[in-house]
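Chain by chain, the residues:
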Amino acid sequence: MRLLTITAAVFAVSAALAGPASASGAALSPGFTGVLVDGPAIDATVSFEGQVRAMKRNGVGWIRLPVYWSEVEPRKGEFDFGKLDSFIRAAAASRISIMPVVLGAPAWAAVPPVTLNAHPANVADYGSFLAVLAQRYGTKGSYWRQSGTPKVPVTRWQIWNEVDLEKYWRQDAGGGWQYSYLALLRAARSALRSADRNAIVVLAGLSNYSWRSLQKLYRAGGREAFDIAAFHPFSRTVAGVLEIVRRSRVVMRSAGDASKPLILSEIAWSSGYGFATLTYGWETTESGQAARVAEILKELAAKRKSYRLEAVAWATWLSPALGSPYSFDYSGLNRMAAGKVVAKPALTAYRNTVRKLTGH
């Protein structure tokens, strides 16, 4: 299932408010640039191992990977690690790190009705699941000892996705999403740190008016519950993206969190102009998308120190074939065509820009 969602209102952020990029200083770390890997890249449509090797060739340093609790622990205490092991193994073989975004409560653990936004009835169950994952894939994980796979431990764990949207988190639960989600965050942090002292808790990627959502979370007492902030700053323009991040940074400073790093766990533009019918006004052509890829990576690299920006992920690596009505089904650096993976101009722009920024 695709992780992406959006509302049209976010595009009202004024592009004129964003200032020019500052000097970037030292060469960019290869681990700065990543991709969301979802859809046909992980549903057995293509070889995941082959796609990871292609990611490595094109400058991808890390993968944001959806891990659905309901798939890995469909019944309490019964785990199916087969698919996840294969993803971890393929990424490690190419020395690419993975940041799981862990979501999707299984039926046995969820408050009915069981949908993608279902709350765990007991947040401790979610914490226990994370602990199992950390004990398997973390810095002292059993997987690395038993598999013989080159060790690239998982240390960053993203706790759910876009919790400020009804699609992923029930907004009326517990007096408001910020309170029920904060309970989940605290349970996750406690469990992860007990399982792996090097575990890092990453906030769910806040969407749309992310600075307002972040302020709600701070007011609920959430400052100490996460180690890295995360946002999904979608906008019509590059300047609009930068302005969303700037406003979110202002909120962080006001909360006394100026030193905390952040990740942009989804950035994207759709090349669905002329194809998509469910649109948001940000659609462009494939060549227009490529131009935005190059521009946003350069701008974010230049501002990474002032924003304390740790990493960014393009959403997504691989899109379905042409024909979907949904705008985000055109956001990939690649797309499917006649059962094969076809590179879009955006992939060339990504690769060339990363090479210039990293000096490799």
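Everything quoted here is computed from the prediction, not taken from an experiment.

1. Digging into the pairing of strand β12 (residues 340-343)
Here is step 1: The pairing of strand β11 (residues 334-337) with β12 spans 4 bridges and is antiparallel. Counted as the bridge partner of Ala337 is Lys340 from β12.
Here is step 2: Taken together, β11 and the strand that follows it, β12, pair antiparallel across an intervening segment of 2 residues, in which Ala338 is found at a positive phi of about 55°.

2. A few points about the environment of Thr33
Here is step 1: Looking at the secondary structure, you find Thr33 in strand β1 (residues 33-36).
Here is step 2: Residues Thr33 and Gly332, spaced 299 residues apart in sequence, show a C-alpha to C-alpha distance of 15 Å.
Here is step 3: Every residue in contact with Thr33, bar those within four places of it in the chain, is listed here: Leu28, Gly59, Val60, Gly61, Trp62, Leu297, Val312, Tyr350 and Val354.

3. So, the side chain of Asn117
Here is step 1: Mapped onto the secondary structure, Asn117 falls in the loop between β3 (97-103) and α4 (123-137).
Here is step 2: Asn117 sits in the buried class, given a relative accessible area of 9%.
Here is step 3: At 2.7 Å, the side chain of Asn117 and the backbone oxygen of Glu166 are in polar contact.

4. With respect to unusual backbone geometry
Here is step 1: Cis peptide bonds are those with omega within 30 degrees of zero, and the linkage from Pro112 to Pro113 qualifies with -5°.
Here is step 2: Notably, Arg95 is not glycine yet its phi reads approximately 55°, a positive angle.
Here is step 3: Considering the arrangement of structural elements, one finds Arg95 in the loop between α3 (82-93) and β3.
Here is step 4: One non-glycine residue, Arg308, lies in the positive phi region at around 50°.

5. Points about the nonpolar core
Note that soluble globular proteins tend to have their nonpolar side chains buried in a common cluster.
Here is step 1: One finds Ile159, Tyr181 and Trp317 to be the most contacted residues of the largest nonpolar core, which totals 112 residues.
Here is step 2: Among the nonpolar cores identified, the runner-up in size contains 8 residues, and Met99, Val202, Ala230 and Ile263 belong to it.

6. Overview of the sheet that holds β1
Each strand in a sheet pairs with its neighbour through backbone hydrogen bonds, running either in the same direction (parallel) or in the opposite one (antiparallel).
Here is step 1: Here we have 9 strands laid out as an open sheet, ordered β5-β4-β3-β2-β1-β9-β8-β7-β6, and parallel in their pairing. Either end of the sheet is taken by a strand with one partner, and the two such strands are β5 (200-202) and β6 (206-207).
Here is step 2: Pairing of β3 with strand β4 (residues 156-159), which is carried by 2 bridges, proceeds in the parallel orientation. By the bridge assignment for β4, Val102 is matched with Ile159.
Here is step 3: Taken strand by strand, α3 contacts β2 (62-68) and β3, and its axis lies near 175° from that of β2.
Here is step 4: In this fold helix α8 (residues 238-254) packs onto β7 (229-232) and β8 (262-267), with an angle of close to 150° to the strand it touches most, β8.

7. Some remarks on the packing of aromatic side chains
Here is step 1: Inspection of the entire model under this criterion finds 20 aromatic pairs.
Here is step 2: Considering the side-chain rings of Tyr126 and Trp160, the 5.6 Å spacing of their centres and the 50° angle between planes classify their relative orientation as tilted. Of the two residues, Tyr126 is situated in helix α4 and Trp160 in the loop between β4 and α6 (177-195); the sequence distance between them amounts to 34 residues.
Here is step 3: Judged by its relative accessible area of 0%, Tyr126 falls in the buried class.
Here is step 4: A relative accessible area of 0% places Trp160 in the buried class.
Here is step 5: With a centroid separation of 5.9 Å and 25° between ring planes, the pair formed by Phe275 and Tyr330 is classed as stacked.

8. Here we look at the sheet that holds strand β10 (residues 318-319)
Here is step 1: Within the open sheet, the 3 strands sit side by side as β10-β11-β12. Their pairing is mixed. On the outer flanks of this sheet lie β10 and β12, each paired with one strand and no other.
Here is step 2: As paired elements, β10 and β11 share 2 bridges and run parallel to each other. Looking at β11, one finds that Leu318 is bridged to Asn334.

9. Some thoughts on helix α9 (residues 286-302)
Here is step 1: Look at α9: 25 Å from first C-alpha to last across 17 residues, which is about the 24 Å you get at 1.5 Å a residue.
Here is step 2: Gly288, Gln289, Ala290, Val293, Ala294, Ile296, Leu297, Glu299, Leu300, Ala301 and Ala302 are the residues of α9 that are buried.

10. So, the confidence of the model for the protein chain
Low pLDDT marks regions whose predicted coordinates should not be analysed in detail.
Here is step 1: Taken as a whole, the protein chain shows an average pLDDT of 92; of its residues, 93% reach a score of 70 or greater.
Here is step 2: Scored below 50 in pLDDT, residues 1-6 makes 43 contacts in the model with residues more than four places away or belonging to other chains.

11. Notes on the pattern of salt bridges
If the charged atoms of two oppositely charged side chains come close together, the side chains can form a pair.
Here is step 1: Under the definition given, this model contains 13 salt bridges.
Here is step 2: Across the pair Asp227 and Arg189 runs a salt bridge, and its minimum N-O distance is 2.5 Å. On the criterion of sequence distance, the pair formed by Asp227 in the loop between α7 (210-219) and β7 and Arg189 in helix α6 is long-range, its members being 38 residues apart.
Here is step 3: What makes Asp227 buried here is its relative accessible area of 17%.
Here is step 4: Take Arg189: its relative accessible area is 22%, and that puts it in the partly exposed class.
Here is step 5: Between Arg223 and Asp257 there is a salt bridge, and its shortest N-O distance comes to 3.5 Å. One end of the pair, Arg223, is in the loop between α7 and β7; the other, Asp257, is in the loop between α8 and β8, and 34 residues separate them in sequence.
Here is step 6: Residue Arg223 is classed as partly exposed on the basis of its relative accessible area, which comes to 35%.
Here is step 7: On the accessibility criterion, Asp257 (5% relative accessible area) is buried.
Here is step 8: The structure contains a network of salt bridges with shared partners spanning Arg223, Glu224, Asp257 and Lys260.

Calculation rules
Residues numbered from 1 in each chain as written. Predicted model: local features only at pLDDT ≥ 70, side-chain atom pairs only at ≥ 80, totals over all residues. Heavy atoms only, no water. Pairing = 2+ DSSP bridges. Helix = DSSP H or I, 4+ residues; strand = E, 2+ residues; numbered from the N terminus. Contact = heavy atoms within 4.5 Å. Buried < 20%, exposed > 50% of the residue type's maximum accessible area, 1.4 Å probe, protein only. Polar contact = N/O pair within 3.5 Å; in protein donor to acceptor, adjacent residues only side chain to side chain. Core = buried A, V, L, I, M, F, W, Y, C linked by side-chain atoms within 4.5 Å. Axes fitted to C-alpha atoms, helices over the stretch in contact; angles between N-to-C directions. Phe/Tyr/Trp six-rings, centres within 6.5 Å; stacked < 30°, edge-to-face > 60°. Expected span 1.5 Å × (residues − 1). pLDDT = per-residue confidence, 0-100. Salt bridge = Lys/Arg side-chain N within 4 Å of Asp/Glu carboxyl O.

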